[in-house]
Amino acid sequence: MSELPLNGVRILAVEQYGAGPYGSMHLADLGAEVIKIESPPGGDVSRATGPYFLGEGDSQFFQTFNLNKHSLRLDLKSAEGREIFEKLVGTADAVLNNLRGDQPGKLGLDYATLGKVNPKIVCAHLSAYGRDNERAAWPGYDYLMQAEAGFMALTGEPGQPPARFGLSMVDFMTGTTMAMGLLAALVGAMRSGQGRDVDVSLFDVALHQLSYPATWYLNEGHETTRLERSAHPSTVPCQVYRTSDGWVMVMCMLEKFWQTFIAGIDRPQLGTDPRFTDFPARREHREALTPLVDEALMQHDTAYWTEKFAGRIPIAPVYDIAQALDNPYVERIGMLQSVDHPQGAQRMLRNPIKLDGQRLDGIACPPLSADADALLAELGYSAEDRARLVEQGVV
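Analysis parameters
Residues numbered from 1 in each chain as written. Predicted model: local features only at pLDDT ≥ 70, side-chain atom pairs only at ≥ 80, totals over all residues. Heavy atoms only, no water. Helix = DSSP H or I, 4+ residues; strand = E, 2+ residues; numbered from the N terminus. Buried < 20%, exposed > 50% of the residue type's maximum accessible area, 1.4 Å probe, protein only. Areas by Shrake-Rupley, 256 points an atom, 1.4 Å probe, with all protein chains shown as cover. Lys, Arg positive; Asp, Glu negative; His and termini not counted. Charge placed at Lys NZ, Arg CZ, Asp CG, Glu CD. Disulfide = S-S within 2.5 Å. Pairing = 2+ DSSP bridges. Axes fitted to C-alpha atoms, helices over the stretch in contact; angles between N-to-C directions. Contact = heavy atoms within 4.5 Å. Salt bridge = Lys/Arg side-chain N within 4 Å of Asp/Glu carboxyl O. Parallel < 35°, antiparallel > 145°, perpendicular 65-115°, else oblique. Left-handed = near helix turned anticlockwise from the far one by under 90°. Nonpolar A, V, L, I, M, F, W, Y, C, P; charged D, E, K, R; others polar.

Participant: I would appreciate a short explanation of the overall build of the protein in the present structure.
Facilitator: If you tally the helices and strands in the protein, you get 18 helices and 13 strands. When the backbone C-alpha atoms are referred to their principal axes, the protein occupies close to 85 × 50 × 40 Å. In the protein, buried positions account for 47% of the 395 residues. In the structure as shown, the protein presents an accessible area of about 20000 Å², 54% of it carried by carbon and sulfur atoms. A distance of 2 Å separates the average location of the 35 positive side-chain charges in the protein from that of its 50 negative side-chain charges.

This is how it looks when you write it as structure tokens:
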């Protein structure tokens, strides 16, 4: 792709591990020059996150969140490291971080500090609980937010211990929200010449994702609880059902889908049964309906039903990770890519965004501080100074 929309945008990313790198990778995929500012000695801690490593100082976990980025190891607490950083800020459009909430102020990563270096700079902060409240100094991670924001009370089967999502979705949603906020502030800065701070936190994003169950509770006092079979709280049938060889998710969100479904499973009598005549009745008699649908679907396997109803009602097989990634549909739509790496090509997922119908390509993040020499030369440092700064551990 010859011209990506964020070509020419430079972003400094003081980041590590998951949430921040996930968000900044979207920006890098879209063409931004994202320079990872990594702490000495070892850089982003996810370079050492196993179990699958790609030589020394690199891992499959790290590459998952850092495609299309550049790397500069920089000691921000040293005088010369700070000088280099501020020179880079003068060339940049945004600085983002995913540090603990009390750290950006201490490290001078906020607009109050960096706006004096570059008035147009956007300073995006992703933290656990925010920078402006009594929890600013608290460390925090995705799983904690799932616990406190009510997610674990909604996930899993009734009567079982609290359960988390199988993935760190709060991290990923917070990273995405941070990227959206940064881009909005960047558009504003381009119009006005004035940068600003942008703040998102894992806790705030998690709480916001409570969405309609939050609205129901805040206005009606209704507490949404776990339902069997991953069922939807409002619409029936909308849950997993048994087949002869596994499970299938059926979502009859419209009445026409229900009518198509009962005809397809050869159970037209369910349409005239007063317990199932409309959505309120089916919701009231959900437990009675489930075994009747199970009995019908268990006459055939999952593949049979998904093929029979494909494109006619919302239906999907329940796959494990291997089945999900080996699904031929995934290959046909181009969601897999091969990324060149010194340790051998790595098969990875592509960014889900398409531009003009084209998928975005990924380039492996280089070794720690691989871009230091080029960046320091750009800033005017001589070869002798560059070598000294490396020797002293500043970069």
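Read on, since the account is not over.
Participant: Got a minute to help me understand the state of the cysteines in this structure?
Facilitator: Working definition: the covalent bond between the sulfur atoms of two cysteines is a disulfide. In total, this model carries 0 disulfides according to the counting rule given. Not engaged in a disulfide, the cysteine Cys238 finds its nearest cysteine sulfur in Cys252; these two sulfurs lie 8.3 Å apart. A residue is classified by how much of its surface remains accessible, and Cys238, at 4% relative accessible area, is buried.

Participant: Can you walk me through the sheet that holds strand S8 (residues 247–251) in this structure?
Facilitator: Either a parallel or an antiparallel arrangement is found when strands of a sheet pair, and the pairing is made through backbone hydrogen bonds. Pairing in this open sheet of 3 strands is antiparallel, and the strands run S7-S8-S9 from one edge to the other. Every other strand in the sheet has two partners, leaving strand S7 (238–242) and strand S9 (315–317) as the edge strands with one partner each. Taken over all neighbouring pairs, the strand axes of this sheet differ in orientation by 25° on average, direction set aside. Pairing geometry for S7 and S8, over 5 bridges, is antiparallel. In the sheet register, Tyr241 faces S8, and the bridge partner there is Val248. Of the strands in this sheet, S7 and S8 are in contact with helix H13 (residues 286–297), which crosses S7 at around 45°.

Participant: Is there a simple way to explain the pattern of salt bridges in this structure?
Facilitator: For side chains of opposite charge, pairing can occur when their charged atoms come near one another. Going through the model one piece at a time under the given rule, you end up with 21 salt bridges. A salt bridge links Arg388 to Asp385, with the nearest nitrogen and oxygen atoms 3.7 Å apart. Within this pair, Arg388 and its partner Asp385 are both found in helix H18 (residues 383–391), separated by 3 residues, close to a single helical turn. One salt-bridge network, in which partners are shared between bridges, spans Glu15, Lys36, Asp44 and Lys69.

Participant: What's the story with unusual backbone geometry in this structure? I'm lost.
Facilitator: With the exception of glycine, the majority of residues adopt a negative phi angle, and the majority of peptide bonds are in the trans configuration. Residue Pro40 is joined to Pro41 through a cis peptide bond whose omega torsion reads 5°. Following the sequence through the fold, Pro41 ends up in the loop between strand S2 (33–38) and helix H2 (60–64). Even without being a glycine, Tyr17 presents a positive backbone phi close to 70°. Relative to the helices and strands, Tyr17 resides in the loop between strand S1 (10–14) and helix H1 (19–29). Notably, Asp266 is not glycine yet its phi reads approximately 60°, a positive angle. Checked against the element boundaries, Asp266 lands in the loop between helix H11 (255–264) and helix H12 (279–284). On the basis of relative accessible area, Asp266 is assigned to the exposed category, the value being 56%.

Participant: In this structure, what is going on with the packing of H1 against helix H8 (residues 169–192)? I would like to understand it.
Facilitator: Helix packing for two helices is described by the angle between their axes and how far apart those axes are. Running from amino to carboxyl end, H1 crosses H8 at an angle of 45°, the nearest separation of the two axes being 7 Å. Between H1 and H8, the interaxial angle falls into the category oblique. The handedness of the crossing between H1 and H8 comes out as right-handed. In contact with Ala19, Gly20, Tyr22, Gly23, Ser24, His26 and Leu27 of H1, H8 contributes Asp171, Phe172, Gly175, Thr176, Met178, Ala179, Leu182 and Leu183. Its residues assigned to classes, the contact of H1 with H8 comprises 8 nonpolar, 6 polar and 1 charged.

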